[in-house]
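Residues per chain are reported as follows:
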Amino acid sequence: QERTQSPTTGCRILTKPFVSTFNRGDVIGLYDAPVLLTRAQDNQLFGPTLQFQPADGMPLVVLHDVGRVRIRAATSFFPPRICTGTVGTAPVG
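What comes next is a walk through the structure.

## Re the pairing of strand 3 (residues 27-31)
Of all the five residues making up strand 3, four are buried; the element is thus mostly covered by neighbouring parts of the structure. With two bridges connecting them, strand 3 and strand 6 (residues 60-61) associate as antiparallel partners. From the neighbouring strand, Ile28 faces strand 6, where its bridge partner is Leu60. In this structure, strand 3 lies alongside strand 8 (residues 81-83), joined through three bridges in antiparallel fashion. Bridging from a neighbouring strand, Tyr31 pairs with Arg81 of strand 8.

This is the structure:
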C-alpha cells in the first residue's frame, strides 16, 4: 500500500469471488473490509494467499505484472468494495 489517492470509480462490492488481471502500475482502491488475493493460472490457484486490509484509503499499487488474480472477501460478514478506475474522493455508502 502507498500513500497516494485511491481509485473511486470502476467499483464493485465483492459478494462473490472474481478473477481479474493485474499489471505493473495498476492502482487498486480497497474499502470497507479485507480481501484475499491468490494468483490464478489456467483456472488453477497457486502460490500463497495474501490478505490486504483497507488502510485509510491507501491504494494497493501493483509492482510487477502478476497476471490473473482471484479476489474474494476475507469475511462473509462485511463485503469489501474494490475500485480499479480513476482517482477521486472516496465512494459513499
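## Some points on empty space enclosed by the protein
By the definition in use, this model includes one cavity of 30 Å³ or more. In this structure, the largest cavity occupies an estimated 40 Å³ of space. With three residues, strand 3 is the largest single contributor of residues to the lining of the largest cavity. When the residues that make up the lining of the largest cavity are grouped by side-chain class, the tally is seven nonpolar, one polar and no charged.

## A few points about the environment of Arg39
Positionally, Arg39 belongs in strand 4 (residues 35-41). Remark: the alpha-carbon pair of Arg39 and Val66, spanning 27 residues in sequence, is separated by 7.5 Å. There is a polar contact of 3.5 Å between the side chain of Arg39 and the backbone oxygen of Val66.

## Topic: the environment of Ile28
For Ile28, the position within the fold is in strand 3. A relative accessible area of 5% means that Ile28 is categorised as buried. For Ile28 and Val61, which are 33 residues apart along the polypeptide, the C-alpha to C-alpha distance reads 6.4 Å. Sequence-distant contacts of Ile28, defined by excluding residues within four places in its chain, comprise Pro7, Phe22, Pro59, Leu60, Val62, Ile82, Cys83 and Thr84.

About the criteria used
- Residues numbered from 1 in each chain as written.
- Predicted model: local features only at pLDDT ≥ 70, side-chain atom pairs only at ≥ 80, totals over all residues.
- Heavy atoms only, no water.
- Buried < 20%, exposed > 50% of the residue type's maximum accessible area, 1.4 Å probe, protein only.
- Helix = DSSP H or I, 4+ residues; strand = E, 2+ residues; numbered from the N terminus.
- Pairing = 2+ DSSP bridges.
- 1 Å grid on protein atoms, 1.4 Å probe; cavity = no way out; pocket = protein on both sides within 12 Å on 5 of 7 lines; lining within 4 Å.
- Points joined across faces, edges and corners; volume = space filled by probe spheres on them.
- Nonpolar A, V, L, I, M, F, W, Y, C, P; charged D, E, K, R; others polar.
- Polar contact = N/O pair within 3.5 Å; in protein donor to acceptor, adjacent residues only side chain to side chain.
- Contact = heavy atoms within 4.5 Å.

The quantities given are spatial measurements derived from coordinates; they are silent on function.
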